[in-house]
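# Results of the structural survey
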Amino acid sequence: MSRSNDESADQVLWALRALGGEATLGDLVAVTGISRAETERALEILMARGRGHARVLDRGDLTYHLEPDRDGVPAEAGRAPGEISRPRRASAIALARRTIFDRKTLRLIRARDGVLSLAELVEQTGLPMRDAEREMRRLADSWSGEPHVGLDGHTVHAFPELMSSVHGRFHAREPRPAWVRGEDPMDHARIRDRRARLGTALAATGAFTMASVPLLVGAPVAGAVALGVAAAGGALLATGARAVLRHHRRFRFRQRDTLRRYALGYVVETALAGKGVVSLDRTLRFIQGRAGPQPVSRAGVEAALRQLAADFDAPITAEGGDIFFGFRNVKRQFLASHLLRRQLALGRTVSGETVFDTADSPESASARELDVFDRELRLGSPPRSDNRPPG
């Protein structure tokens, strides 16, 4: 499940256009949601094709620029190539879901000043802790995340490369947490609608197939063939109905994943507001208030809370017919990332004089190098070492 080099180059080209023709590597990966290594390969392709160029600034920062069109301005940005409108293969759908997930997570990292704890990732995605740990390792590998040991020994990851931008301080809007709507964080509205339409089509096909069985009974192909047709129709009808009902509003709160995500939302709100003691009865009332007339299973909510307690090492106490869960570690993880965020202050605006530009002619490059050398002499500091971009 990977993109071709041309697909990555198209996404980076779109991102450069959307960002006004100028961006840092952090800007580009935050917009496209593709890995640092893929973005760098795509930039090399664009520069080799004459579609872009790179500049090294006097502080060693590297910025990328879109070559202007014939009229002298960057082309208009169209629909993001990652927004796959009609995926034809299962791998294309999986890649689209992964891209959506990564873009939301990168927005979260930027909105929280480049620092993220596991508890914050779990809150945002609704993933179980084991899956969140795996995702955090992947994020660190893909976007140069650095682990730090914070408060109470909690590991917090910092992403300094994502926090440099040519567009001033990056005010990213946080994506809505998964529990707010109780939906799969890797889903997109178009994908959900497509899945619902597919389920409806399967159910209709199954119903039509089963309706045709009586016509086969009187035909020479009766018997085993009619039985096979009936079985196939029943399977199609059941599969389609399951796909439709699973995501229907009237049945959402019967799903274990939905109950877990809403329970997680209540746990995080309670933990950040106080000491993090959550009772089963209060959590049930919280979720029932969002379910409206739909009944919510007490046993299902208890199972969700016990799973969250296992994820966050929360002690469990039974008293007076109620069950209490101590989610102190949730708040401590949020606090650990907050303290590291203030300590590192990663947000940075990239600016300065250009000391090297891949678009320069040999004559312009020589003149620029002389200017840089003269400026360094006037400032009384030795000339900087060459910091040329890849490719």
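Notes on the structure follow.

Conventions used here
- Residues numbered from 1 in each chain as written.
- Predicted model: local features only at pLDDT ≥ 70, side-chain atom pairs only at ≥ 80, totals over all residues.
- Heavy atoms only, no water.
- Helix = DSSP H or I, 4+ residues; strand = E, 2+ residues; numbered from the N terminus.
- Buried < 20%, exposed > 50% of the residue type's maximum accessible area, 1.4 Å probe, protein only.
- Contact = heavy atoms within 4.5 Å.
- Pairing = 2+ DSSP bridges.
- Axes fitted to C-alpha atoms, helices over the stretch in contact; angles between N-to-C directions.
- Parallel < 35°, antiparallel > 145°, perpendicular 65-115°, else oblique.
- Left-handed = near helix turned anticlockwise from the far one by under 90°.
- Nonpolar A, V, L, I, M, F, W, Y, C, P; charged D, E, K, R; others polar.
- Salt bridge = Lys/Arg side-chain N within 4 Å of Asp/Glu carboxyl O.
- Phe/Tyr/Trp six-rings, centres within 6.5 Å; stacked < 30°, edge-to-face > 60°.
- Core = buried A, V, L, I, M, F, W, Y, C linked by side-chain atoms within 4.5 Å.

## Considerations on the overall build of the protein
Check the secondary structure of the protein and you find 15 helices and twelve strands. For the protein, with 391 residues in total, the buried portion stands at 42%. Within the protein, contacts between residues separated by at least 24 positions form 67% of all contacts whose residues are at least 6 apart in sequence.

## Some thoughts on the pairing of strand E2 (residues 52–57)
Where burial is concerned, most of E2 is hidden: five out of the six residues are buried. If you look at the hairpin formed by E2 and strand E3 (residues 62–66), you'll find four residues sitting between the two strands, and glycine 60 has a positive phi there, around 90°. Direction of pairing for E2 relative to strand E12 (residues 354–357): antiparallel, over a ladder of three bridges. Each bridged residue has a counterpart across the sheet, and for leucine 57 the counterpart in E12 is threonine 354.

## Quick look at the pairing of strand E9 (residues 316–319)
A regular strand places its side chains on the two faces of the sheet in alternate fashion. As judged from the four bridges shared by E9 and strand E10 (residues 322–326), these two strands associate in the antiparallel manner. Along E10, the bridge assignment pairs threonine 317 with phenylalanine 324.

## Notes on the packing of helix H11 (residues 256–273) against helix H13 (residues 298–311)
Packed helix pairs are characterised by how far apart their axes lie and by the angle those axes make with each other. It is the contact of H11 with H13, at a shortest axis distance of 9 Å, that shows an interaxial angle of 60°. With respect to each other, H11 and H13 are oriented oblique. Crossing hand, H11 versus H13: right-handed. Contact with H11, carried on its side by Leu259, Arg260, Ala263, Leu264 and Val267, involves Gly300, Val301, Ala304, Leu305, Gln307, Leu308 and Asp311 of H13 and no other residues of that element. When its residues are assigned to classes, the contact of H11 with H13 shows eight nonpolar, two polar and two charged.

## What to know about the side chain of glutamate 120
Mapped onto the fold, glutamate 120 is located in helix H5 (residues 118–125). With residues near it in sequence (within four places) discarded, glutamate 120 still touches Leu108, Arg112, Val115, Phe334, Ser337 and Arg341.

## Digging into the pattern of salt bridges
Working definition: two side chains of opposite charge can pair if their charged atoms are close together. Summed over the entire model, instances satisfying the criterion amount to 19 salt bridges. Taking the shortest distance from any N to any O, the salt bridge between aspartate 102 and arginine 138 comes out at 2.6 Å. One end of the pair, aspartate 102, is in helix H4 (residues 90–111); the other, arginine 138, is in helix H6 (residues 129–143), with 36 residues separating them in the sequence. Residue classification places aspartate 102 among the buried residues on the basis of a relative accessible area of 3%. What you see here is one network of salt bridges that share partners, running through Arg112, Glu120, Glu123, Glu174 and Arg341.

## Regarding the packing of helix H12 (residues 280–291) against H13
At a closest axis distance of 10 Å, the pairing of H12 and H13 adopts a crossing angle of 115°. Between H12 and H13, the interaxial angle falls into the category roughly perpendicular. You can see that H12 and H13 cross each other, and the crossing is right-handed. In contact with Leu280, Asp281, Thr283, Leu284 and Ile287 of H12, H13 contributes Arg298, Val301, Glu302 and Leu305. Residue composition of the contact of H12 with H13, grouped by class: five nonpolar, one polar and three charged.

## Examining the packing of aromatic side chains
Two descriptors summarise a pair of aromatic rings, namely the distance from one centre to the other and the angle between the planes of the rings. By the definition in use, this model includes four aromatic pairs. Both rings, one in phenylalanine 325 and one in phenylalanine 327, keep their centres 6.4 Å apart while their planes meet at 25°; by these two values the pair is stacked. On the accessibility criterion, phenylalanine 325 (0% relative accessible area) is buried. Three or more aromatic residues joined by ring pairs form one cluster here, namely Phe312, Phe325 and Phe327.

## Here's the deal with the nonpolar core
Considering soluble globular proteins, one finds that nonpolar side chains tend to be buried as a cluster. Counting 66 residues, the largest nonpolar core has Leu28, Ile287, Phe312 and Phe327 as its most contacted members. Residue contributions to this core peak at eight residues, all from H11. Residues contacting leucine 28, with those up to four places away along its chain left out, are Val12, Ala15, Leu16, Leu19, Ala23, Thr39, Leu43 and Tyr64. Judged by nonpolar contacts, the second largest core, of seven residues, contains Val115, Val156, Ala158 and Leu346.

## Observations regarding the sheet that holds E2
Strand order in this open sheet of four strands is E1-E3-E2-E12, and the pairing throughout is antiparallel. Whereas interior strands pair on both sides, the edge strands pair on one side only; in this sheet they are strand E1 (22–23) and E12. In this structure, E2 lies alongside E3, joined through five bridges in antiparallel fashion. Paired with arginine 55 across the strands is threonine 63, a residue of E3. Its contacts with the sheet place helix H3 (residues 36–48) against E2 and E3, and it is angled at close to 115° to E2.

## Notes on helix H2 (residues 25–32)
By the criterion of burial, H2 is predominantly enclosed, with seven of the eight residues buried. Taken from the residues just after H2, glycine 33 is the one with a positive phi, measuring 80°.

Nothing here speaks to function; it is geometry throughout.
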